[in-house]
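# Tertiary structure, described
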Amino acid sequence: MRILVDADACPVKGIVVEMARQRGIPVLMVTDTSHRIQDGYSQVITVDKGRDSADLRLANEMEPGDIVVTQDFGVAALALGKGCRALSQNGLVFTGQNMDQLLFERYVGQKVRRAGRRTQGPGKRTAQQDAAFRQALAGLLPCQ
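In what follows, the accompanying structure is described. (Residues numbered from 1 in each chain as written. Predicted model: local features only at pLDDT ≥ 70, side-chain atom pairs only at ≥ 80, totals over all residues. Heavy atoms only, no water.)

### Section: the overall build of the protein
Let me state the cut-off plainly: Each helix is a run of H or I in the DSSP string that is no shorter than four residues. Each strand is a run of E no shorter than two, and both are numbered from the N terminus. As a reference, a globule follows 2.2 Å times the number of residues to the power 0.38, and the radius of gyration itself is taken over C-alpha atoms. For each residue, the accessible area found with a 1.4 Å probe, counting protein chains only, is set against the maximum for its type, and the residue is called buried under 20%, exposed over 50%, and partly exposed in between. The criterion used for residue contact is that any of the two residues' heavy atoms lie within 4.5 Å. Methods summary: accessible areas were calculated by the Shrake-Rupley approach with a probe of 1.4 Å, and residue burial reflects only the protein chains presented. Lys and Arg are tallied as positive, Asp and Glu as negative. Neither His nor the chain termini are counted. We put the charge of a Lys on NZ, of an Arg on CZ, of an Asp on CG and of a Glu on CD.
A count of helices and strands for the protein gives 5 helices and 6 strands. Against the 2.2 N^0.38 benchmark of 15 Å for 144 residues, the protein shows a C-alpha radius of gyration of 15 Å, consistent with a compact globule. Looking at the protein as a whole, 40% of its 144 residues qualify as buried. Within the protein, contacts between residues separated by at least 24 positions form 48% of all contacts whose residues are at least 6 apart in sequence. Total accessible area computed for the protein in this model is approximately 8,400 Å², and 50% of it derives from carbon and sulfur atoms. Seen as two clouds, the 19 positive and the 15 negative side-chain charges of the protein have centres 5 Å apart.

### Regarding empty space enclosed by the protein
Defined as follows: Here a cavity means grid points, on a 1 Å grid over the protein atoms only, where a 1.4 Å probe fits yet cannot get out; a pocket means an open set of points with protein on both sides within 12 Å along at least five of seven lines; lining residues are those with an atom within 4 Å of a point. Grid points are joined across faces, edges and corners, and a volume is the space filled by probe spheres set on the points. Only Asp, Glu, Lys and Arg are considered charged, only Ala, Val, Leu, Ile, Met, Phe, Trp, Tyr, Cys and Pro nonpolar, and every remaining residue, Gly among them, polar.
Within the structure shown, the criterion is met by 1 cavity of 30 Å³ or more. Taken as a whole, the largest cavity encloses approximately 30 Å³ of empty space. Contributing to the lining of the largest cavity are D6, D8, C10, V69, T70, Q71, S88 and Q89. A per-class count over the lining of the largest cavity returns 2 nonpolar, 4 polar and 2 charged.

Set out below in structure tokens:
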């Protein structure tokens, strides 16, 4: 088991490293060339800045039993299909039961943006979101 992180603009990298280090679980961070990660624990793979290049590399690294941290519903769907568990930076555990609705919502949002309208972006990160993520990740990890 490893924890794979879609690390571009991921606000919970520190939490992942802290919890993984406590349990001796390897962490793989995938990022593009516009980000630098040096946490002293994670293996970091840096890819070109191309569209979805980090997502594709992350998908190629997934193995059954891994935990994937991503805010991208498409990446989460790929993770589930490969026998991984997946969760968002806000603590939402992706499942087969909620994936169809989430992918539909993504499709609708893309359609609205293509039509020239705006959708509401995420608000400022809160301590409650960090706590929800920590709790969700702890639920997926083996006990200490």
